[in-house]
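So the chains spell out like this:
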Amino acid sequence: MEILKIENLSKVYGKGDTAVKALDNVSFSVKKGEFVAIIGPSGSGKSTLLHLLGGVDQPTNGKVFVDNTDIYALNETQLAIFRRRQIGLIYQFYNLIPILTVEENITLPLLLDEHQVDQKQLSDIVEILNLTNRLTHLPNQLSGGQQQRVSIGRALISNPAIILADEPTGNLDSKNSSEIMDLLKMFNKTFNQTLIVITHDEQIALQADRVIAIEDGKLARDEVIRP
Ligand code: ADP
Ligand code: ADP
């Protein structure tokens, strides 16, 4: 089953002489449960692509379908709800809210939509992430690896269609990096959680089922390495 389809996606930043074509007519589909690595040189358009997949930015041209919903046909309010329910975003620098506890950071996407927190689901996620004894801590009381585990919890709590991670291990040492990748892969394999990871770490790309290379805003390679 296709969970994501993008059609002729283009993004131009700015206008006239200073316009930058960051993404140029990119199309591909992702199956539910796939783990896709997106690679490519700095400035090639990877983050732009990820933001467009996550409904964070508006494309100049083209469409994004998530679970058959044409996300840029939604209005602002619908798109905000869509993002919180269907997209789990993980960033290099965690993007946690400093004045909220670990538990509040994790459950925030639900609270914003006034959804009940499923306590069983929360405690299961927190236990897998080894954060059970950290729930009342603030982000600055945690190590980098722990902060990234909190952001994984926040990404997973609404059972999203897709997890999008932008260099999720870019700020971590090798031990913490493999811990984070092992957790992401565990959720991918055990719970069939679709996972798209931007990386310039070849060792991480080689762990994916499929590698998509972006160069100069264009799809340069799309290779299934683990059918
Ligand atoms: P990558 O993630 O592969 O490093 P990006 O998607 O961040 O690439 O950037 C692609 C191109 O778009 C680059 O030339 C970058 O300078 C440009 N770009 C990215 N964001 C903006 C923006 N908000 N305004 C103008 N240009 C941008
Ligand atoms: P890791 O092995 O995950 O990198 P660290 O060696 O950074 O962990 O931290 C060891 C322990 O110290 C962690 O359990 C963490 O909760 C705690 N810790 C790390 N940084 C801080 C901090 N700034 N304030 C309070 N506790 C911290």
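Conventions used here
- Residues numbered from 1 in each chain as written.
- Chains lettered and ligands numbered in written order.
- Predicted model: local features only at pLDDT ≥ 70, side-chain atom pairs only at ≥ 80, totals over all residues.
- Heavy atoms only, no water.
- UniProt positions renumbered as here; feature names shortened; annotations may be inferred.
- Helix = DSSP H or I, 4+ residues; strand = E, 2+ residues; numbered from the N terminus.
- Rg over C-alpha atoms; globule rule 2.2 N^0.38 Å.
- Buried < 20%, exposed > 50% of the residue type's maximum accessible area, 1.4 Å probe, protein only.
- Contact = heavy atoms within 4.5 Å.
- Areas by Shrake-Rupley, 256 points an atom, 1.4 Å probe, with all protein chains shown as cover.
- Lys, Arg positive; Asp, Glu negative; His and termini not counted.
- Charge placed at Lys NZ, Arg CZ, Asp CG, Glu CD.
- Near = heavy atom within 4 Å.
- Polar contact = N/O pair within 3.5 Å; in protein donor to acceptor, adjacent residues only side chain to side chain.
- Nonpolar A, V, L, I, M, F, W, Y, C, P; charged D, E, K, R; others polar.
- 1 Å grid on protein atoms, 1.4 Å probe; cavity = no way out; pocket = protein on both sides within 12 Å on 5 of 7 lines; lining within 4 Å.
- Points joined across faces, edges and corners; volume = space filled by probe spheres on them.
- Axes fitted to C-alpha atoms, helices over the stretch in contact; angles between N-to-C directions.
- Parallel < 35°, antiparallel > 145°, perpendicular 65-115°, else oblique.
- Left-handed = near helix turned anticlockwise from the far one by under 90°.
- Core = buried A, V, L, I, M, F, W, Y, C linked by side-chain atoms within 4.5 Å.

Looking at an unreviewed UniProt entry, the protein carries the name ABC transporter ATP-binding protein, with the source organism given as Halalkalibacter akibai. Per UniProt, the comment on the protein under Sequence similarities (unreviewed entry) is "Belongs to the ABC transporter superfamily."

K.L.:
In this structure, what is going on with the overall build of the protein? I would like to understand it.
P.N.:
Helix and strand counts for the protein stand at seven helices and ten strands. For 227 residues, the compact-globule formula gives about 17 Å, and the C-alpha radius of gyration of the protein, at 17 Å, lands near that figure. Overall size of the protein, expressed as C-alpha extent along the three principal axes, is 50 × 40 × 35 Å. Classification of the 227 residues of the protein by burial places 50% in the buried group. Long-range contacts, defined as pairs at least 24 residues apart, comprise 70% of the intrachain contacts of the protein with a sequence gap of at least 6. Of the roughly 11,100 Å² of accessible surface on the protein, 48% is carried by carbon and sulfur atoms. Separation of charge centres in the protein, based on 22 positive and 28 negative side chains, amounts to 1 Å.

K.L.:
Teacher, can you tell me more about the site of ligand 2 here?
P.N.:
Taken together, the neighbourhood of ligand 2 is formed by Arg 134, Asn 140, Gln 141, Ser 143, Gln 146, Lys 175 and Asn 176. Backbone polar atom of Asn 140 to a nitrogen atom of ligand 2: 3.2 Å apart, as the coordinates give it. A distance of 2.8 Å separates an oxygen atom of ligand 2 from a polar atom in the side chain of Gln 146. The fraction of the free accessible surface of ligand 2 (550 Å²) that becomes covered by protein chains is 44%. Split into classes, the residues belonging to the shell around ligand 2 amount to no nonpolar, five polar and two charged.

K.L.:
Sorry if this is basic, but what is going on with the environment of Ala 22 here?
P.N.:
Relative to the helices and strands, Ala 22 resides in strand S2 (residues 20–31). Take Ala 22: its relative accessible area is 10%, and that puts it in the buried class. Note: C-alpha distance between Ala 22 and Glu 215 (193 residues apart in sequence) is 9.9 Å. Those residues in contact with Ala 22, other than ones at most four positions away along the chain, are Lys 11, Tyr 13, Ser 44, Gly 45, Thr 48 and Gly 217.

K.L.:
Could you clarify how one ought to interpret empty space enclosed by the protein in this entry?
P.N.:
One simple way to see leftover space: roll a probe sized like a water molecule over the atoms. Enumeration according to the criterion identifies one cavity of 30 Å³ or more in this entry. The space that makes up the largest cavity amounts to roughly 40 Å³. Considering the residues around the largest cavity, the lining is formed by Ile 152, Leu 156, Ile 163, Leu 184, Phe 187, Asn 188, Gln 193, Thr 194 and Leu 195. At the level of secondary structure, the elements contributing two or more residues to the lining of the largest cavity comprise helix H5 (144–156), helix H6 (174–191) and strand S8 (194–198). Ranked by residues supplied to the lining of the largest cavity, first place goes to H6 with three residues. Of the residues contributing to the lining of the largest cavity, the split by class is six nonpolar, three polar and no charged.

K.L.:
Which parts of the structure should I look at to understand the packing of H5 against H6?
P.N.:
The relative placement of two packed helices is expressed as an angle between their axes plus a distance between the axes. Look at H5 against H6: their axes get within 10 Å of each other, and the N-to-C directions meet at 15 degrees. It follows from the interaxial angle that H5 and H6 lie roughly parallel. In the packing of H5 onto H6, the handedness of the crossing is right-handed. Facing H5, whose interface residues are Gly 145, Gln 148, Arg 149, Ile 152 and Leu 156, H6 presents Asn 176, Glu 179, Ile 180, Leu 183, Leu 184 and Phe 187.

K.L.:
Quick question: what am I supposed to make of the UniProt feature "domain: ABC transporter" (unreviewed entry) in the protein here?
P.N.:
UniProt records the feature "domain: ABC transporter" (unreviewed entry) at residues 4–227, using the numbering of this structure. Between the end C-alpha atoms of residues 4–227 there is a gap of 18 Å, over a span that is 33% helix and 28% strand.

K.L.:
Is there a simple way to explain the nonpolar core in this structure?
P.N.:
Generally speaking, soluble globular proteins have nonpolar side chains that are buried together. By size, the foremost hydrophobic cluster in this structure holds 36 residues, and its most contacted members are Ile 90, Ile 106, Leu 129, Val 150, Ile 152 and Leu 184. Beyond its immediate sequence surroundings of up to four residues, Val 150 is in contact with Leu 96, Val 102, Asn 105, Ile 106, Leu 131 and Leu 142.

K.L.:
For this particular structure, what's the right way to read the packing of helix H3 (residues 102–112) against H5?
P.N.:
Their axes nearest at 6 Å, the elements H3 and H5 cross at an angle of 30 degrees. On the basis of the axis angle, H3 is roughly parallel to H5. The crossing of H3 and H5 is right-handed. On H5, the residues that touch Val 102, Asn 105, Ile 106 and Pro 109 of H3 are Val 150, Gly 153 and Arg 154. Classifying every residue of the contact of H3 with H5 gives four nonpolar, two polar and one charged.

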